[in-house]
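An overview of the molecular structure
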Amino acid sequence: MPELPEVETTVLGLRRYVAGQQIVNTTFHRDNIRYPLHSAWIEQINGQSIVRIYRRAKLIVMQLNSGYLLWHLGMTGSLRVSQKEEPKRRHDHIECQLHNGRILRFHDPRRFGYLKYFADEAAMQDSIAHYGVEPLSDDFHADYLYHISRNKKQPIKNLIMNQAIVVGVGNIYACEALFLAAIRPQKACGKISKIRYQRLVAGIQSTLKQSIAQGGTTISDFENAEAEPGYFQQSLAVYGRSGKPCRQCRTTIKSIRLSGRNSFYCPCCQR
Ligand SMILES: [Zn+2]
């Protein structure tokens, strides 16, 4: 599933082709993906230029002259810019022809992704108001996690994966960051000291940044905007390594289920 780094990589890849571009013609090849695609949107979108493209949580936000396009990649979605000569592929559900002759294409075999169009900013902001802080922003720091976790017994891994608290820390990144911070995933979040939260924030940020630098990808069927697979999976410390020796101390990596998610840790390095 595309996680924050894949979405960030997609935005960085798309920006140079779509920023400032006018959308000349939009085609919906279905009337719904996860949510309905309203044909009335088409005349509102056509003729508008993409003035800004950025990421919020795992959404790709395209600000138009008037209104916003919000794209979500779901489980198997990808957004790419292709040459107009390139034929449409199966599962290309949305195509936006750009003024520069290229085509922005939304591809999603399993259709858990979506596009939403908002005519005004207030409605768009309302739709994303439930998201917590951005993990790579200045609002995400040890004091924030420390105060929010006092008197809570839930496992630390569940806290950092709660999108209302901090967005975009998916299962792989949570496992890897907890290893870097030497904290067990099941540790009660209310019992973690501020100094350990400092290490955890640094671990989350470095894990995400490393993955963005390597081009994103954590899944086999994800492609970034220029259809290059990413390389993050080659450097995982604990995720998916149950039964294998810890790269740091050679102790066997363990896995447990937390909220239905496989959680990997080294019982020696993490406490
Ligand atoms: Zn270890």
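A brief report on the enclosed structure follows. Remember, it's a predicted structure, so these values are computed and weren't measured experimentally.

Points about the sheet that holds strand β2 (residues 50-56)
Read across the sheet, four strands follow the order β2-β3-β4-β8 without closing on themselves; strand pairing throughout is antiparallel. Edge strands, defined here as strands with exactly one partner in the open sheet, are β2 and β8 (114-118). Put simply, the sheet's adjacent strands are angled 20° from each other on average, direction ignored. The pairing of strand β3 (residues 59-64) with strand β4 (residues 68-72) spans five bridges and is classified as antiparallel. Looking at the pairing, V61 lines up with L70 of β4. In this fold helix α1 (residues 4-18) packs onto β2 and β3, with an angle of close to 170° to the strand it touches most, β2.

Section: the pattern of salt bridges
Scanning all chains against the criterion turns up nine salt bridges. With a shortest N-O distance of 2.8 Å, E134 and R56 are connected by a salt bridge. Residue E134 is found in the loop between α3 (121-127) and α4 (142-149), and its partner R56 is found in strand β2; the two are separated by 78 residues along the sequence. Each of the two residues, E134 as well as R56, counts as buried. Residue R105 pairs with D92 through a salt bridge whose shortest N-O separation is 3.8 Å. Residue R105 is found in strand β7 (residues 102-107), and its partner D92 is found in strand β6 (residues 92-98); the two are separated by 13 residues along the sequence.

Structural notes on the side chain of T10
Positionally, T10 belongs in helix α1. Given the relative accessible area of 0%, T10 is considered buried. A polar atom in the side chain of T10 sits 2.8 Å from the backbone oxygen of E6.

Describing the sheet that holds β6
Reading across the sheet, the four strands line up as β1-β6-β7-β5 and stay open at both edges, with antiparallel pairing between neighbours. A strand with exactly one partner marks an edge of an open sheet, and here the two such strands are β1 (23-28) and β5 (78-83). Across the sheet, the mean angle separating the axes of adjacent strands is 20° when strand polarity is ignored. Judged from the five bridges that link them, β1 and β6 form a sheet pairing that is antiparallel.

Focus on the packing of α4 against helix α7 (residues 194-213)
Remark: α4 packs on α7, axes separated minimally by 8 Å, with the N-to-C direction vectors making an angle of 125°. As far as their axial angle goes, α7 and α4 are oblique. The handedness of the crossing between α4 and α7 is right-handed. Contacts between α4 and α7 involve A142, D143, L145, Y146 and S149 on the former and, on the latter, K194, Y197, Q198 and V201. Considered class by class, the residues forming the contact of α4 with α7 number five nonpolar, two polar and two charged.

Regarding the coordination of the zinc ion
Coordination of the zinc ion by the protein is provided by C246 (SG), C249 (SG), C266 (SG) and C269 (SG), with metal-donor distances spanning 2.2 to 2.4 Å. Metal-centred angles of 101 to 115° between the four donor atoms at the zinc ion mark the site as tetrahedral. Motif for the zinc ion, donor spacing along one chain: C-x2-C-x16-C-x2-C. A residue pair is termed long-range when its members are at least 10 positions apart, and C249 in the loop between α7 and β9 (254-258) and C266 in the segment after β10 (261-265) qualify at 17 residues. You can call C249 partly exposed: its relative accessible area is 27%. The exposure class of C266 is buried, given its relative accessible area of 0%.

A look at the pairing of β9
Relative to β10, β9 runs antiparallel, the two sharing five bridges. Counterpart to S255 in the pairing with β10 is F264. Between the antiparallel neighbours β9 and β10 lie two residues, among them S259 with a positive phi of about 50°.

So, α4
Three or more residues of α4 are buried, namely A142, L145 and S149. Each buried residue of α4 lies within a common arc of 75° when the element is viewed along its axis, so the set occupies one face. Where α4 is buried, its residues meet α5 (156-160) and α7. Once α4 ends, the next one or two residues include N151, with phi positive near 65°.

Quick notes on the rules
- For every chain, the first residue of its written sequence is number 1, and the numbers climb from 1 along that sequence.
- It should be noted that, the model being predicted, local features are given only for residues of pLDDT at least 70 and side-chain atom pairs only at 80 or more, the latter also being counted only at that level, while totals for whole chains, interfaces and linings use all residues.
- Only heavy atoms go into the side-chain values, all of them from the structure, while hydrogens and water stay out.
- A pair of strands is considered paired only if DSSP assigns at least 2 bridges between the two.
- Here a helix means four or more residues in a row that DSSP labels H or I, a strand means two or more in a row labelled E, and each is numbered from the N terminus.
- Lines fitted to C-alpha atoms define the axes, with helix axes restricted to the stretch in contact, and inter-axis angles between N-to-C directions lie between 0 and 180 degrees.
- Contacts between residues were defined by any pair of non-hydrogen atoms, one from each residue, lying within 4.5 Å.
- Any carboxyl oxygen of Asp or Glu within 4 Å of a side-chain nitrogen of Lys or Arg constitutes a salt bridge here.
- Accessible area is worked out with a 1.4 Å probe on protein chains only. A residue is then buried under 20% of its type maximum, exposed over 50%, and partly exposed in between.
- Two N or O atoms form a polar contact when they lie within 3.5 Å of each other; inside protein one atom must be a possible hydrogen donor and the other a possible acceptor, and for residues adjacent in sequence the pair counts only when both atoms belong to side chains.
- The labels follow the angle: roughly parallel below 35 degrees, roughly antiparallel above 145, roughly perpendicular from 65 to 115, and oblique for the rest.
- Should the near helix be turned anticlockwise from the far one by less than a right angle, the crossing is termed left-handed; should it be turned clockwise, right-handed.
- In this classification, Asp, Glu, Lys and Arg are treated as charged, Ala, Val, Leu, Ile, Met, Phe, Trp, Tyr, Cys and Pro as nonpolar, and every other residue, Gly included, as polar.
- Ligating atoms shown are N, O and S within 2.8 Å of the metal, or 3.2 Å for Na, K and Ca, and water is not included, meaning a site may look less than complete.
- Square planar and octahedral assignments, for four and six donors respectively, both demand that opposite donors be over 155 degrees apart and that all other angles lie between 65 and 115; tetrahedral needs four donors with all angles between 85 and 135 degrees, and anything else is irregular.
- What the arc describes is the spread of directions from the helix axis to the C-beta atoms.

Everything listed is a geometric property; what it means functionally is a separate question.
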